[in-house]
Amino acid sequence: MKNLDNLNFTNTFIDLSPELYQAKSPDPVTEPYLIDFNPAGAKLIGLDPAESERQEFVEYFAGNKLLTGSKPLAMAYSGHQFGSYNPRLGDGRGILLGEVTNGDGHKWDIHLKGAGPTRFARGFDGRATMRASIREYLAGEALHGLNIPTTRSLAIIGIRDLIYRQTPELAAVLVRISDSHVRFGSFELFHYTNNPNRVQELADHVIHHHHPDIENEADRYRIFFGRVLQKTAFLIAKWQASGFVHGVMNTDNMCVTGVTFDYGPYGFIDRFDPGYTPNSSDTGGRYSLGKQAQIGYWNLSKWGESLCHLVDPEDIMEEMAEYQPTYNKMYRDLIGQKLGLGVLDSEFTELTGSLFQLLYDNPVDYTNFFRALSHFPEGNYEGLIHAFSNRNEIEEWLNRYQRLIEREDSPFEERKEAMDGVNPKFILRQYLLQNAIDKAVKEADFSEIERLRVLLEDPFRDRPEIFKKYNIDPDLYASDTPDSLLGMQLSCSA
Ligand code: AMP
Ligand code: MG
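Small disclaimer: the values here were computed from a predicted structure and weren't measured.

Conventions adopted
- Residues numbered from 1 in each chain as written.
- Chains lettered and ligands numbered in written order.
- Predicted model: local features only at pLDDT ≥ 70, side-chain atom pairs only at ≥ 80, totals over all residues.
- Heavy atoms only, no water.
- Near = heavy atom within 4 Å.
- Polar contact = N/O pair within 3.5 Å; in protein donor to acceptor, adjacent residues only side chain to side chain.
- Areas by Shrake-Rupley, 256 points an atom, 1.4 Å probe, with all protein chains shown as cover.
- Pairing = 2+ DSSP bridges.
- Helix = DSSP H or I, 4+ residues; strand = E, 2+ residues; numbered from the N terminus.
- 1 Å grid on protein atoms, 1.4 Å probe; cavity = no way out; pocket = protein on both sides within 12 Å on 5 of 7 lines; lining within 4 Å.
- Points joined across faces, edges and corners; volume = space filled by probe spheres on them.
- Nonpolar A, V, L, I, M, F, W, Y, C, P; charged D, E, K, R; others polar.
- Domains from an automatic or database assignment.
- Salt bridge = Lys/Arg side-chain N within 4 Å of Asp/Glu carboxyl O.
- Buried < 20%, exposed > 50% of the residue type's maximum accessible area, 1.4 Å probe, protein only.
- Core = buried A, V, L, I, M, F, W, Y, C linked by side-chain atoms within 4.5 Å.
- Contact = heavy atoms within 4.5 Å.

**Brief notes about the site of ligand 1**
Link 1 in the chain: Among the 15 residues in the neighbourhood of ligand 1, the closest are listed as Gly90, Gly92, Arg122, Asp125 and Gly126.
Link 2 in the chain: Measuring from an oxygen atom of ligand 1, one finds a side-chain N or O atom of Arg93 at 3.1 Å.
Link 3 in the chain: In this structure, Arg165 approaches ligand 1 through a side-chain N or O atom, which is 3.4 Å from a nitrogen atom.
Link 4 in the chain: Calculation on ligand 1 without its partners gives an accessible area of 480 Å², and the protein chains cover 83% of this total.

**Some points on the pairing of strand S9 (residues 152–164)**
Link 1 in the chain: One ladder, built from four bridges, connects strand S3 (residues 33–37) with S9; its direction is antiparallel. The partner of Leu34 across the bridge, within S9, is Ile157.
Link 2 in the chain: Pairing geometry for S9 and strand S10 (residues 168–178), over nine bridges, is antiparallel. In the strand pairing of S10, Tyr164 is matched with Pro168.
Link 3 in the chain: Taking the residues between adjacent antiparallel strands as the criterion, S9 and S10 are bridged by three residues.

**Quick word on the layout of surface pockets**
Link 1 in the chain: Space inside the largest pocket adds up to approximately 960 Å³.
Link 2 in the chain: Contributing to the lining of the largest pocket are 38 residues, with Gln81, Arg93, Arg122, Cys492 and Ala494 lying nearest its centre.
Link 3 in the chain: Sorting the residues of the lining of the largest pocket by element identifies strand S8 (107–113), helix H3 (130–145) and S10 as the ones contributing at least two each.
Link 4 in the chain: Roughly 590 Å³ of volume is contained in the second largest pocket.
Link 5 in the chain: Lining the second largest pocket are 33 residues, with Trp108, Asp179, Ser180, His210 and Thr257 positioned closest to its centre.
Link 6 in the chain: Those elements that provide at least two residues to the lining of the second largest pocket are strand S7 (94–101), S8, S10, helix H5 (196–210) and helix H6 (220–242).
Link 7 in the chain: Looking at the lining of the second largest pocket, the element that brings in the most residues is H5, giving four residues.
Link 8 in the chain: Taken together, the residues of the lining of the second largest pocket break down into 13 nonpolar, 14 polar and six charged.
Link 9 in the chain: Taken domain by domain, the makeup of the lining of the second largest pocket includes at least three residues from each of domain 1 (4–180) and domain 2 (185–332).

**Things to note about the pattern of salt bridges**
Link 1 in the chain: Here the structure, examined in full by the defined rule, presents 39 salt bridges.
Link 2 in the chain: The partner of Arg453 in a salt bridge is Asp36, with the nearest N and O atoms 2.6 Å apart. Placement of Arg453 in helix H16 (residues 447–457) and of Asp36 in strand S3 is noted, with a sequence separation of 417 residues between them.
Link 3 in the chain: For Asp36, a relative accessible area of 6% gives the class buried.
Link 4 in the chain: When the shortest N-O distance is used, the salt bridge between Lys442 and Asp438 registers 3.9 Å. In this pair, Lys442 and Asp438 both sit in helix H15 (residues 430–443), four residues apart, roughly one turn of the helix.

**Points about the nonpolar core**
Nonpolar side chains tend toward joint burial in soluble globular proteins.
Link 1 in the chain: Core analysis: the biggest nonpolar cluster contains 118 residues, and Phe187, Leu339, Phe369, Trp397 and Tyr401 have the highest contact counts within it.
Link 2 in the chain: Looking at which element gives the most residues to this core, the answer is H6, with eleven residues.
Link 3 in the chain: Ignoring anything within four residues of it in the chain, the contact list for Phe187 reads Val182, Val199, Leu202, Ala203, Val206, Phe224, Val256, Trp303, Ser306 and Leu307.
Link 4 in the chain: Residues Phe37, Leu44, Ala155 and Ala171 belong to the second largest nonpolar core, which totals 31 residues.

**A short note on the domain arrangement of the protein chain**
Link 1 in the chain: Assigned domains within the protein chain: domain 1 (4–180), domain 2 (185–332) and domain 3 (341–409).
Link 2 in the chain: Relative to domain 3, the C-alpha centre of domain 1 lies at a distance of 43 Å.

**Here's the deal with the side chain of Thr118**
Link 1 in the chain: Assignment of secondary structure puts Thr118 in the loop between S8 and H3.
Link 2 in the chain: Within the structure, the side chain of Thr118 is placed 2.5 Å from the backbone oxygen of Asp91, a separation counted as a polar contact.
Link 3 in the chain: Excluding anything up to four places from it in sequence, Thr118 contacts Gln22, Lys24, Ala74, Asp91, Gly92, Gly94 and Ile95.

Given below as structure tokens:
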């Protein structure tokens with residue numbers, strides 16, 4: 001286990017051409033304080049969790065002191081936002097401190113979000129609101145708990161200086177951990193400024209660190225593109241199956257390692273509605289639940305264009321043709337798992353088609369429906385039925401479902417265990433998250449952030465001792481979202 005003084009930073013990004021970044025230290029803040037610390041994040045980078053108790057911990061991660069060996073920088077990038085190219089983006093408030101290699105040899109980027117304006121800030125203040133930082137902090141851990149690839153969180157540090165949005169607001173720095181911070185937009189910047197050498201340099205950098213097995217292949221760039229495409233399809237299939245809506249799938253928010261990246265106005269659906277977006281700024285619904293898979297394709301095609309000097313466009317097109325079938329297969333497999341079914345034939349397709357129609361037509365909680373379904377047909381599944389307005393319809397569907405279950409001959413207990421391992425009991429519902437934010441912002445009470453972090457690190461089962469220790473009432477956290485709080489939306493600005 002390392003301590004703060006010997007984290008052993010490497011700084012491979014700063015060794016690249018200076019056009020790719022601005023060397024920049026975080027701006028100091030007055031009296032930083034710890035809002036929450038995530039021991040699981042510390043474990044990931046091999047840092048002794050006891051280090052969080054030292055005052056230096058907040059000083060280092062608020063950006064007041066520089067960790068030994070760290071050479072901080074802000075990354076340059078551009079990207080497509082809501083379908084239009086924006087040539088001027090970049091880390092306006094983000095600072096990459098460098099990379100830490102853990103005991104297993106895994107290299108992790110340590111990034112501060114909200115650490116002061118950089119040359120990419122475009123007149124903005126370089127800071128992040130406490131509410132947005134809490135949202136991203138918890139999202140990383142909640143998605144990880146659901147086994148969805150994502151950036152992770154180490155800590156959230158409050159700062160005393162107020163920042164100005166519509167009103168004065170509290171601010172915080174998020175300490176983010178990721179296997180990479182290279183985005184599709186990082187490549188786009190150099191493609192659109194006619195700088196293919198930098199595109200190649202970035203590709204070589206990512207291949208070297210993430211795909212060393214293909215470094216000597218003649219068609220390594222094509223293979224690289226194909227692999228990122230697969231990872232992206234997998235990621236979005238996971239989002240869809242869990243009802244997660246990213247909300248801002250701009251190409252600068254798409255990471256080349258296929259992790260969920262840059263959380264803004266994201267949300268989990270309460271009820272199945274392909275038109276739902278948690279982003280109130282997205283009036284056209286470009287990034288709504290039902291669009292995410294095709295937006296993934298669109299984003300990959302934009303990224304593919306930026307690789308045109310490295311990969312023949314024909315080859316890009318051939319790889320792109322793999323996206324939809326790959327996504328379909330992954331999504332189908334995941335829904336099969338949610339239903340506890342392994343035979344995914346045309347009867348399965350019909351069954352799932354009518355299920356999603358029923359879920360759309362009825363006021364049923366998406367997460368809790370699947371969770372309750374594992375009790376069928378032997379346990380108490382009455383709770384499944386009551387929310388459907390037409391009892392006959394759901395019973396007819398359950399009969400069809402039972403036929404497919406019987407066809408597979410899987411023992412009830414085994415199926416139940418497998419289903420409960422993929423259908424969470426707890427998710428990061430918007431109103432739970434908002435409650436944690438309100439307590440933090442209005443009362444400086446951070447206990448609800450900790451409670452949600454602990455609850456969501458394993459959302460698939462009850463853990464009575466841990467729940468007791470953190471005063472978690474599982475029934476409360478597992479219940480449907482109250483009607484008055486359904487479908488909450490947030491704006492982009494934070
Ligand atoms: P995001 O919505 O966080 O993905 O940010 C989009 C772009 O705006 C990125 O280039 C950010 O660095 C930049 N940005 C957002 N908020 C701020 C801020 N308060 N100060 C500086 N740059 C910002
Ligand atoms: Mg972003």
